[in-house]
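Residue-level structure breakdown
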Amino acid sequence: MLKLLSSSSCLPSRLHSRAASAVRTGSSDSTVPLLRVLNSLTGFTGKSLNLGRRAFFCSDSSDGSEQVVEIDVKGSESGAESKSSSASVPMNPRPEEYLTELGSEIQDSGVTVFSVPILTSPTSNSFGIPLAIELIEKQHWSELKAHVQDSSATTLLHQLFNSEADPEFILRYFNWSQKQFNVSHTLELTCRLLHSLANVKKYSKIRSFLDGFVKKTEKHSTSSIFHMLSMSSNQFCSNSIIIDMLLLAYVQNSKIQLAFEVFDRAGDYGFKLSALSCNPLLCALVKENRVGDVEYVYKEMIKRRIRINLFTFNIVINGLCKVGKLNKAKDVIGDLKVWGFSPNVVTYNTLINGYCKMGRSGKMYKADAILKEMVENKICLNEITYNILIDGFCKDENVSAAMTLFKEMRKQGLKPNVITYNSLINGLCNDGKLNEACCMRDEMLSLDLKPNIVTYNALINGFCKKKMIKEATKLIDDVRNQGLAANVITYNTLIDAYCKDRKMEKAFELHGLMLERRVSPDASTYNCLIAGLCRQGNMETARKLLEEMLDKGLKADLITYNILVDALCRKGESRKATRLLNEMLKMGLSPSHLTYNMLMDGYCREGNLRAALNVRAQMEKEGKHANIVTYNVLINGYSKRGKLEEANMLLNELLERGLIPNRTTYELVREEMMEKGFIPDIEGHLYNVSCSH
DNA sequence: GATCCGTGTG
């Protein structure tokens, strides 16, 4: 009734070759229990062809050994027997039932999908399942190998699933056979394995299995995994746990996009995830600056009633703070209180850090307000709190305030660490206090706190800012003597200093040195060098360097293009710069306000106001609105050409748009205005005296 | 079983 296909002239050519190989691989004693066939029906993506009374099923086996069987739909035993070379199939209980289902499924649609593994009959040789299990248990692999060949590896796996074998042994065999025969078992079998492990609560085994699974597998789409998993068991709880672990495995293997997809689809399937996996996902999204996705996951977690905890809130707050969404971060603090949590030291540290990193003046005042709230709520400051504040004050150019905190920190019995010192050294260096900065480094050494590369980079930067590049370069030797290695930031700092000092040979020397020492230059390295060459007007070499950069697989970024656009515009070659702008857009890079403004300025200086306006139109088309610099550039362009009416119109336009003119805005027009009898009124609007009379 | 802090450049 069911038999191996021996040969067939009616198969389409594509299938024919598969059939031929099936004949070679399938031994003549292979049989296909109907139960297996039916099991396979539940889920598979392959193809079947309905050819009258017979259907040919082509297995989707990923190991390359295609197996084809022929099924007589009508179930006529005699008809099947007419093909003498096919093997007969032992009948399972109530075969008629299966055949009826099978037949109708095939006849209903021209394309039905399922796989048909071919099993070697266990009775066909002396090797039985109990022996196999024993060998697997004892891990006598070489002995097992004597009994299992390429073609029967999957067969045995099926038999193990059907036996009462310990899922852990099945797992062992699963892994061994994949490695041994260099095959990947099908997704269907993988899901069966996961479910059998979940049934006996072997979660750590599932975890490590999934780790391997996500490491090598790129071929299974998220949707096929979900589909197959839910097809192979309707145990909702197991499915949720498996998916939860899969999500975590993706995150731990830095496959964040896949993890995100799993999170999303778990919602469609209604699988319940845990904070154990969702929190790391959130963390990864924060690290990748995908704040929109962070907000989405957070909202979904609440909607799906995932048991969120304080970690969840803190991670989300950090994500929001990182991109300056301080108000939203405060909203989340409100949320966490509603959920019955209280902000802890990490919550406050995160928020304080958020304010410290904000570019605005008075940021430390805001940070201080949070600090007060923290103290009121009896949350003790820790080392990190102090480090954040010390760094914040240093960046706010208030090193003395930072030093006060430094002292207070120690008075509180908290130990400053490398980060504390690095912040202070950096602050002192930026303040030009190199001696004090060096003293701090010595203090570190005396306290047995090892300065690291960050420490030295701060010092090197300090020397560079003071144009003491020779001294700065010497520090590279110090770095080596301390057993440290200069990194890309070290080299970039020095290269940039030499470029600014117009010592391009020296800069390229360092570039060579970093290559020699196997420190890979990054886009910034090239940007520094390209900017240096542009400053010298050496556009040709700059172009060449850009090509070298691209050849190395580094991507030219916004900065690279801005450097080049700026240089071309300064040279009066705005047209060439426009070509670069289009190149950027083609590369999917979004030009910044600066890019457009430089271009407009270039055209204005060339007297091509029409071209400048075209740039502005393009800018608006790309969704970037003119800012105050844009207006200043255009106003300057018009007033320099004596077109005061237009300049005046632009000034009114910017006021109408709610932009705030700055000093430059007025200075650009004032002189000419006065000369020509225009006077600016108190509010900045201009009117023509001669017209008003 | 995890969340918060430090370096450079256009």
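Residues numbered from 1 in each chain as written. Chains lettered and ligands numbered in written order. Predicted model: local features only at pLDDT ≥ 70, side-chain atom pairs only at ≥ 80, totals over all residues. Heavy atoms only, no water.

A look at the overall build of chain A
Inclusion rule: Strands are runs of DSSP state E lasting at least two residues, helices are runs of H or I lasting at least four, and both sets are numbered from the N terminus onward. Residues are treated as being in contact if the distance between any of their heavy atoms lies within 4.5 Å. For the accessible areas, the method is Shrake-Rupley and the probe is 1.4 Å, while residue cover comes only from the protein chains on display.
Across its full length, chain A carries 37 helices and eight strands. Excluding contacts between residues fewer than 6 apart, the proportion of contacts in chain A whose partners are at least 24 apart in sequence is 64%. For chain A, the accessible area works out to roughly 34,700 Å², and carbon and sulfur atoms hold 52% of it.

A look at the environment of N162
What counts is decided by this rule: N or O atoms within 3.5 Å of each other form a polar contact, as long as, within protein, one can give a hydrogen and the other can take it, and as long as residues adjacent in sequence are counted only when both atoms are side-chain atoms.
Mapped onto the fold, N162 is located in helix α7 (residues 153–162). In this structure the side chain of N162 is engaged in a polar contact, spanning 3.4 Å, whose partner is the side chain of R192.

Some details on the protein's contact with DNA strand B
Stated precisely, the cut-off is as follows: One heavy atom within 4 Å of a molecule or strand is enough for the residue carrying it to be called near that molecule or strand. Here the term charged refers only to Asp, Glu, Lys and Arg, the term nonpolar to Ala, Val, Leu, Ile, Met, Phe, Trp, Tyr, Cys and Pro, and the term polar to all other amino acids, Gly among them.
Near DNA strand B, the surroundings consist of 40 residues, among which N422, N452, N457, N492 and K500 are the closest. For DNA strand B, the backbone portion of the atoms within 4 Å of the protein, that is sugar and phosphate, comes to 40%. Between DNA strand B and the protein, one listed contact pairs a phosphate oxygen with a side-chain N or O atom of N318 at 3.4 Å. Residue N422 places a side-chain N or O atom 2.3 Å away from a base nitrogen belonging to DNA strand B. Across the surface near DNA strand B, the residue classes break down as 15 nonpolar, 18 polar and seven charged.

Re the packing of helix α8 (residues 167–180) against helix α10 (residues 203–216)
Short version of the rule: To obtain each axis, a line is fitted to C-alpha atoms, and for helices this fit is confined to the stretch in contact; angles are then taken between N-to-C directions over 0 to 180 degrees. For classification purposes, angles smaller than 35 degrees are called roughly parallel, those larger than 145 roughly antiparallel, those between 65 and 115 roughly perpendicular, and all remaining angles oblique. Note: crossing handedness is left-handed where the near helix turns anticlockwise from the far helix by less than a right angle, and right-handed where it turns clockwise.
α10 packs onto α8 with a crossing angle of 20° between their chain directions and a minimal axis gap of 12 Å. Viewed along their axes, α8 and α10 adopt a mutual orientation that is roughly parallel. You can see that α8 and α10 cross each other, and the crossing is left-handed. The segment α8 lies against α10, with E168, L171, F174, N175 and Q178 engaging K205, F209 and K216. Its residues assigned to classes, the contact of α8 with α10 shows three nonpolar, two polar and three charged.

Brief notes about the confidence of the model for chain A
Worth spelling out the cut-off: pLDDT is a per-residue confidence score from the predictor, ranging from 0 to 100.
Overall, the predicted model of chain A reaches an average pLDDT of 81, with 78% of residues at or above 70. Low pLDDT, under 50, characterises residues 1–125; the stretch is placed with 213 contacts to residues that sit more than four places away or in other chains.

Observations regarding helix α31 (residues 574–586)
Just so we agree on the cut-off: Given a helix with a known number of residues, its expected span is that number minus one, times 1.5 Å. Accessible area is worked out with a 1.4 Å probe on protein chains only. A residue is then buried under 20% of its type maximum, exposed over 50%, and partly exposed in between. Read the arc as the range of directions from the helix axis to the C-beta atoms.
Spanning 13 residues, α31 covers 18 Å between terminal C-alpha atoms, matching the ideal 18 Å at 1.5 Å per step. When we look at burial in α31, the residues that qualify are S574, A577, T578, L580, L581 and M584. The arc enclosing the buried residues of α31, seen along the axis, measures out at 155°, which places them on a common side. Every exposed residue of α31 that faces more than 90 degrees away from the buried side is listed here: R575, R579 and K586. Positioned one or two residues after α31, G588 has a phi angle of 80°, which is positive.

A look at the pattern of salt bridges
So the rule is basically this: In what follows, salt bridge is the name for a side-chain nitrogen of Lys or Arg lying within 4 Å of a carboxyl oxygen of Asp or Glu.
Across all of its chains, the model carries 25 salt bridges by this definition. Here K372 ties to D368 by a salt bridge, and the two come within 3.3 Å at their closest N and O atoms. With K372 and D368 both in helix α19 (residues 363–376), this residue pair falls four residues apart, about one helical turn. Among the salt bridges present, the one from D496 reaches K500, with a minimum N-O distance of 2.7 Å. Taken together, the positions of D496 and K500, both in helix α26 (residues 488–500) and four residues apart, correspond to about one turn of that helix. D496 sits in the buried class, given a relative accessible area of 19%. Among the residues examined, K500 registers a relative accessible area of 48% and is labelled partly exposed. A single network of salt bridges, built from pairs that share partners, joins R616, E620, E653 and R657.

Considering the nonpolar core
Soluble, globular proteins show a tendency: their nonpolar side chains are buried together. Our working definition: The nonpolar core is taken to be a set of buried Ala, Val, Leu, Ile, Met, Phe, Trp, Tyr and Cys residues, with the residues joined through side-chain atoms within 4.5 Å. Boundaries of every domain are those given by an automatic assignment or by a domain database.
Grouped together as the largest cluster of nonpolar side chains are 190 residues, with contacts concentrated most on L144, Y173 and I530. Shared between two domains, this core takes at least three residues from each, and those domains are domain 2 (126–185) and domain 3 (626–693). Discounting chain neighbours no more than four positions away, the residues touching Y173 are I136, W141, L144, V148, S152, A153, L156, L157 and L160.

A look at the packing of aromatic side chains
Note on aromatic pairs: each is described by the distance of the centres and the angle between the planes. Selection criterion: Aromatic contacts are taken between Phe, Tyr and Trp rings whose centres are within 6.5 Å, Trp giving its six-membered ring; a plane angle under 30 degrees counts as stacked, one over 60 as edge-to-face, and the others as tilted. We call a charge positioned above a ring when the Lys NZ or Arg CZ atom is no farther than 6 Å from the ring centre and deviates by at most 35 degrees from the ring normal.
One pass over the structure, following the stated rule, counts 13 aromatic pairs. For the pair W176 and F181, a centre-to-centre distance of 5.9 Å together with 80° between the ring planes defines the contact as edge-to-face. Like F181, W176 is buried. It is R290 that lies over the ring of F260; its NZ or CZ is 5.3 Å from the centre. The ring of F263 carries R304 above its face, with NZ or CZ at 4.1 Å from the centroid.

Describing helix α16 (residues 310–322)
Helix length check: α16, at 13 residues, gives a terminal C-alpha distance of 18 Å against a target of 18 Å (1.5 Å per residue), a fit within 8%. Looking only at α16, the buried set comprises L310, T312, F313, N314, I315, V316, I317, G319, L320 and C321. Each element contacted by the buried residues of α16 is listed here: α14 (275–287), α15 (291–303), α17 (326–338) and α18 (345–357). For α16, the N-terminal capping position is held by N309, with its side-chain oxygen 3.1 Å away from the main-chain nitrogen of F311. After α16 finishes, the residue G324 shows a positive phi value of roughly 80°.

Description of the side chain of S233
Tracing the backbone shows S233 in the loop between α11 (222–232) and α12 (236–252). A distance of 2.9 Å separates a polar atom in the side chain of S233 from the backbone nitrogen of Q235. Beyond its immediate sequence surroundings of up to four residues, S233 is in contact with H195 and N239.

A short note on the packing of helix α30 (residues 558–570) against α31
Put simply, α30 and α31 touch, their axes get as near as 8 Å, and they point 165° apart. Taken together, α30 and α31 sit at an angle that is classed as roughly antiparallel. Read as a crossing pair, α30 and α31 show a hand that is left-handed. Contact residues: L558, Y561, L564, V565, L568 and C569 in α30; S574, K576, A577, L580, E583 and M584 in α31. Taken together, the residues of the contact of α30 with α31 sort by class into nine nonpolar, one polar and two charged.

Considerations on the environment of R535
Here R535 is to be found in helix α28 (residues 523–535). Of the residues examined, R535 reaches a relative accessible area of 34% and is grouped as partly exposed. For the pair R535 and A567, spaced 32 residues apart in sequence, the C-alpha to C-alpha distance is 7.4 Å. Discounting chain neighbours no more than four positions away, the residues touching R535 are C499, K500 and R502.

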